[in-house]
Amino acid sequence: MALPRPPRAVIFDMDGLLFDTESLYRDALAAAAGGMGHDMPEPVFHSLIGLPGEASRRLLMDHYGEDFDVDGLWDASAEHFHALARGQDFLKAGVREILDLLDDLALPRAIATSSRHEDVAFNLGRHGLEGRFHAVSAKGDYARGKPHPDPFLVAAGRLQISPADCLALEDSHNGVRSAASAGMMTVMVPDMLAPTAEMEALCARIIDDLHVAADLIRRSLQP
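Participant: How would you explain the nonpolar core if you had to name every residue and give the values?
Facilitator: Ranked by size, the top nonpolar core spans 38 residues in total, and within it Phe-12 and Leu-169 carry the most contacts. Of all elements in the fold, only β1 (9-12), α1 (22-35), α4 (70-85), α5 (95-105), α6 (117-126), β4 (166-170), β5 (185-188) and α10 (210-220) reach the threshold of two or more residues within this core. Leaving out residues up to four positions away in the same chain, Phe-12 has contacts with Leu-17, Leu-18, Ile-98, Leu-99, Leu-102, Arg-109, Ala-110, Ile-111, Ala-112, Phe-133 and Leu-169.

Structure below.
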């Protein structure tokens, strides 16, 4: 069997997994920080990947100082992001294939993300994917963000599927920690962060892209 057990639902991370947005966020944050007279070192950006808002705020204040205008940085980076994203197709390889497969198999699916519902709607709408997911768990829907299990537990609850029967697809270290601690079959599809020994221990598989994920699901559900 390709996975430990046949999945009854699939829960997707969003940034870096469904959409090639991490590099856009990196460039947007660098431009916003530059406009405020600061740089955005690559290690700091990497530490932000997969973190919820309050943890990101703390990390930035630890780096830049307690009086740093985090909200101003977020607002400016959002403007830069939308300017960079305008007119671009940033859908990751294999997304439409795996969604079509899940339609054929009648498997429910959800998004579990640290981003806002507005960002989910923007990304889905930009690529004509409205209505392709049965539930969304986003910022404001859970008490604790990734790496805690809450985002994935909320998503599973909204699908009314046991977490143990969910396949979670993630690209970030904190996302993998979140999905694994929720008790889900976790598969990492690395984007900007390379897998580590910890990731290998937490994941059922580490794969190259969503085309491989679709094949895993197919093979897991074969009689």
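Don't stop here, the text continues.
Participant: Any chance you could break down the packing of aromatic side chains for me, citing the residues and the numbers?
Facilitator: Here the structure, examined in full by the defined rule, presents six aromatic pairs. Arranged with centres 5.6 Å apart and planes meeting at 85°, the rings of Phe-12 and Phe-133 form a pair that is edge-to-face. Placement of the pair is Phe-12 in strand β1 and Phe-133 in the loop between α6 and β3 (135-137), with a sequence separation of 121 residues. On the basis of relative accessible area, Phe-12 is assigned to the buried category, the value being 0%. Judged by centre distance (4.4 Å) and plane angle (15°), the rings of Tyr-25 and Phe-81 are stacked. One end of the pair, Tyr-25, is in helix α1; the other, Phe-81, is in helix α4, and 56 residues separate them in sequence. Exposure remark for Phe-81: the relative accessible area of 4% places this residue in the buried category. An aromatic cluster is built from Phe-19, Tyr-25, Phe-81, Phe-90 and Phe-122, whose rings are joined through pairwise contacts.

Participant: Residue-level account of the pairing of β4, with values.
Facilitator: Within a regular strand, side chains alternate between the sheet's two faces. Counting buried positions along β4 yields five of five residues, so the element is predominantly enclosed. Here four bridges tie β1 to β4, and the two strands are oriented parallel to one another. For Phe-12, the partnering residue across the bridge sits in β4 and is Leu-169. Viewed along the sheet, the connection from β4 through helix α8 (residues 173-181) into β5 turns out right-handed.

Participant: Summarise the sheet that holds β3; cite the residues concerned and give the values.
Facilitator: Read across the sheet, six strands follow the order β3-β2-β1-β4-β5-β6 without closing on themselves; strand pairing throughout is parallel. Edge positions in the sheet fall to β3 and β6 (205-206), since each has one partner strand and no second. Two strands pair when backbone bridges link them, and β5 and β6 are joined in this way by two bridges, in the parallel orientation. Looking at the pairing, Met-188 lines up with Ile-206 of β6.

Participant: How would you summarise the side chain of Ser-114 if you had to cite specific residues and measurements?
Facilitator: Summarising the element assignment, Ser-114 is placed in the loop between β2 (109-112) and α6. Using a relative accessible area of 16% as the deciding quantity, one classes Ser-114 as buried. With near-sequence residues (within four places) excluded, Ser-114 lies in contact with Gly-50, Leu-51, Pro-52, Lys-139, Tyr-142 and Lys-146.

Participant: An account of α8 is needed here, citing residue identities and associated values.
Facilitator: Buried within α8 are the following residues: His-173, Asn-174, Gly-175, Val-176, Ser-178 and Ala-179. Where α8 begins, the side chain of Ser-172 points an oxygen toward the backbone nitrogen of Gly-175, at a separation of 2.9 Å. Gly-183, located one to two residues past α8, shows a positive phi value of around 85°.

Cut-offs used in this document
Residues numbered from 1 in each chain as written. Predicted model: local features only at pLDDT ≥ 70, side-chain atom pairs only at ≥ 80, totals over all residues. Heavy atoms only, no water. Core = buried A, V, L, I, M, F, W, Y, C linked by side-chain atoms within 4.5 Å. Buried < 20%, exposed > 50% of the residue type's maximum accessible area, 1.4 Å probe, protein only. Helix = DSSP H or I, 4+ residues; strand = E, 2+ residues; numbered from the N terminus. Contact = heavy atoms within 4.5 Å. Phe/Tyr/Trp six-rings, centres within 6.5 Å; stacked < 30°, edge-to-face > 60°. Pairing = 2+ DSSP bridges. Right-handed = clockwise from strand over helix to strand, strands pointing away. Polar contact = N/O pair within 3.5 Å; in protein donor to acceptor, adjacent residues only side chain to side chain.

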